[in-house]
Amino acid sequence: MEYKTILVHLDNGPRSATRLELALGCAQTFDAHLVGQFALSSPRYPSYALAEAGATVEDAARRVRAAAAKKAEEAFHAAVNRAGRSEVEWRPSE
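Peer 1: Looking at this structure, how should I read the layout of surface pockets?
Peer 2: To find the voids left in a structure, one rolls a probe of water-molecule size over its atoms. The space that makes up the largest pocket amounts to roughly 230 Å³. Residue lining of the largest pocket: 15 residues in total, with Asp11, Ser16, Ala17, Ala72 and Ala75 positioned closest to the centre. For the lining of the largest pocket, the secondary-structure elements that each account for two or more residues are helix H1 (16–30) and helix H2 (47–83). It is H2 that contributes the most residues to the lining of the largest pocket, six residues altogether. Of the residues belonging to the lining of the largest pocket, the class tally is eight nonpolar, three polar and four charged. By volume, the second largest pocket amounts to about 180 Å³.

Here is the structure:
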């Protein structure tokens, strides 16, 4: 079986780098297109926190998510550049 496209999920977790290296290895082995996608679930806040400071809490969560997405994208591009891969694409999730 040959893989033509490999999608790797990146987030702000400690195993993200390991997943990326594994995906890069598979992409090189199968000469596959590598797609990196950032995905981080939105935290659930207690209703009292949202009632007290909903906009502030949600704004802080957006900033944290944006920073994590940027860090994941930078790690993705750095890793694919080190590996010399050109068949790659980055897809941030909304």
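Peer 1: Got a minute to help me understand the pairing of strand S2 (residues 33–38) in this structure?
Peer 2: Successive side chains on a regular strand alternate, one facing one side of the sheet and the next facing the other. Burial analysis of S2 places five of its six residues in the buried class, the great majority of the element. Here six bridges tie strand S1 (residues 5–10) to S2, and the two strands are oriented parallel to one another. Bridge pairing links leucine 7 to valine 35 in S2. Read as a crossover between parallel neighbours, the route from S1 over H1 to S2 is right-handed. Summarising the sheet, S2 and strand S3 (residues 88–92) pair through five bridges and their orientation is parallel. Paired with glutamine 37 across the strands is arginine 91, a residue of S3.

Peer 1: Before we go on, may I ask you to explain the sheet that holds S3 in this structure?
Peer 2: Sheets are built from strands that pair by backbone hydrogen bonding, the pairs being arranged parallel or antiparallel. In space, the three strands of this open sheet follow the order S1-S2-S3, with parallel pairing throughout. Across the chains shown, the open sheet's two edge strands, defined by having one partner strand only, are S1 and S3. Taking each pair of neighbouring strands and ignoring which way they run, the sheet shows an average axis angle of 20°. The strands that H1 touches are S1 and S2; relative to S1, the one it contacts most, it runs at about 170°.

The rules behind each value
Residues numbered from 1 in each chain as written. Predicted model: local features only at pLDDT ≥ 70, side-chain atom pairs only at ≥ 80, totals over all residues. Heavy atoms only, no water. 1 Å grid on protein atoms, 1.4 Å probe; cavity = no way out; pocket = protein on both sides within 12 Å on 5 of 7 lines; lining within 4 Å. Points joined across faces, edges and corners; volume = space filled by probe spheres on them. Helix = DSSP H or I, 4+ residues; strand = E, 2+ residues; numbered from the N terminus. Nonpolar A, V, L, I, M, F, W, Y, C, P; charged D, E, K, R; others polar. Buried < 20%, exposed > 50% of the residue type's maximum accessible area, 1.4 Å probe, protein only. Pairing = 2+ DSSP bridges. Right-handed = clockwise from strand over helix to strand, strands pointing away. Axes fitted to C-alpha atoms, helices over the stretch in contact; angles between N-to-C directions. Contact = heavy atoms within 4.5 Å.

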